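The lines below spell out each chain.
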Amino acid sequence: MPALIEKKEKLGSQKRFGTRYGRKNRLKVARIEKEQRATHPCPYCKYKKVRRIALGIWGCKKCSSRFTGKAYTPNIQANKNE
Ligand SMILES: [Zn+2]
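Residues numbered from 1 in each chain as written. Predicted model: local features only at pLDDT ≥ 70, side-chain atom pairs only at ≥ 80, totals over all residues.

### Observations concerning the overall build of the chain
Condition: The helix and strand labels rest on DSSP assignments: H or I over at least four residues marks a helix, E over at least two residues marks a strand, and numbering proceeds from the N terminus. Exposure classification rests on a simple neighbour count of other C-beta atoms within 10 Å of a residue's own: a residue reaching 20 or more is buried, one at 12 or fewer is exposed, and one in between is partly exposed. C-beta atoms are placed from the backbone.
Within the chain, the secondary structure is distributed over two helices and three strands. When the helices and strands of the chain are listed from N to C terminus, the series reads α-β-β-β-α. The buried share of the chain, taken over its 82 residues, is 10%.

Below, the structure is given as structure tokens:
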């Protein structure tokens, strides 16, 4: 019986909206916020310790470096080309 009610994607941060704003919009927000809150690999020390400090500002907890990136993702690939 539980196999029939299989969830494709977990609710995550979109839970706080309840039934409001439509399914697609809630899902978009949840996907972005998941990326925003996750730890990312550091472009300097390669450790997966980079977290978002503020909008566009990312910091590494390992080597304590701070650098700019995109608003919700560090976008390390673009930083390497600079
Ligand atoms: Zn680092």
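### A short note on the environment of Cys-60
Selection criterion: The contact criterion used is a C-beta to C-beta distance within 7 Å, with each C-beta placed from the backbone.
Mapped onto the elements of the fold, Cys-60 is located in strand 2 (residues 57-60). Residues Cys-60 and Cys-45, spaced 15 residues apart in sequence, show a C-alpha to C-alpha distance of 8.7 Å. Residues contacting Cys-60, with those up to four places away along its chain left out, are Cys-42, Tyr-44, Cys-45, Lys-49, Val-50 and Ser-65.

### A few points about the environment of Arg-51
Inspection of the secondary structure assignment puts Arg-51 in strand 1 (residues 50-54). By C-beta crowding, Arg-51 is classed as partly exposed, having 14 other C-beta atoms within 10 Å. Here the alpha-carbon distance between Arg-51 and Pro-41, two residues 10 residues apart in the chain, equals 9.1 Å. Those residues in contact with Arg-51 that lie beyond four places of it in its chain are Thr-39, Gly-59 and Lys-61.

### Some words on the pairing of strand 2
Convention followed: Whether two strands pair depends on DSSP finding at least two bridges between them.
Residues of strand 2 alternate between two faces, with Trp-58 and Cys-60 buried on one and Ile-57 and Gly-59 left unburied on the opposite face. Here strand 1 pairs with strand 2 via four bridges, running antiparallel. Within the sheet, the bridge partner assigned to Arg-51 lies in strand 2 and is Gly-59. The antiparallel hairpin formed by strand 1 and strand 2 contains two residues in its connecting segment, where Gly-56 sits at a positive phi of about 80°. Bridge count for strand 2 against strand 3 (residues 66-68) is three bridges, and the pairing is antiparallel. Paired with Trp-58 across the strands is Phe-67, a residue of strand 3. Remark: five residues form the turn of the hairpin made by strand 2 and strand 3, two consecutive strands paired antiparallel; Ser-64 in that turn has positive phi of roughly 50°.

### Here we look at the environment of Trp-58
Its location among the elements puts Trp-58 in strand 2. Considering only alpha carbons, one finds Trp-58 and Gly-69, 11 residues apart in sequence, at a separation of 6.7 Å. Excluding anything up to four places from it in sequence, Trp-58 contacts Val-50, Arg-52, Ile-53, Phe-67, Gly-69 and Pro-74.

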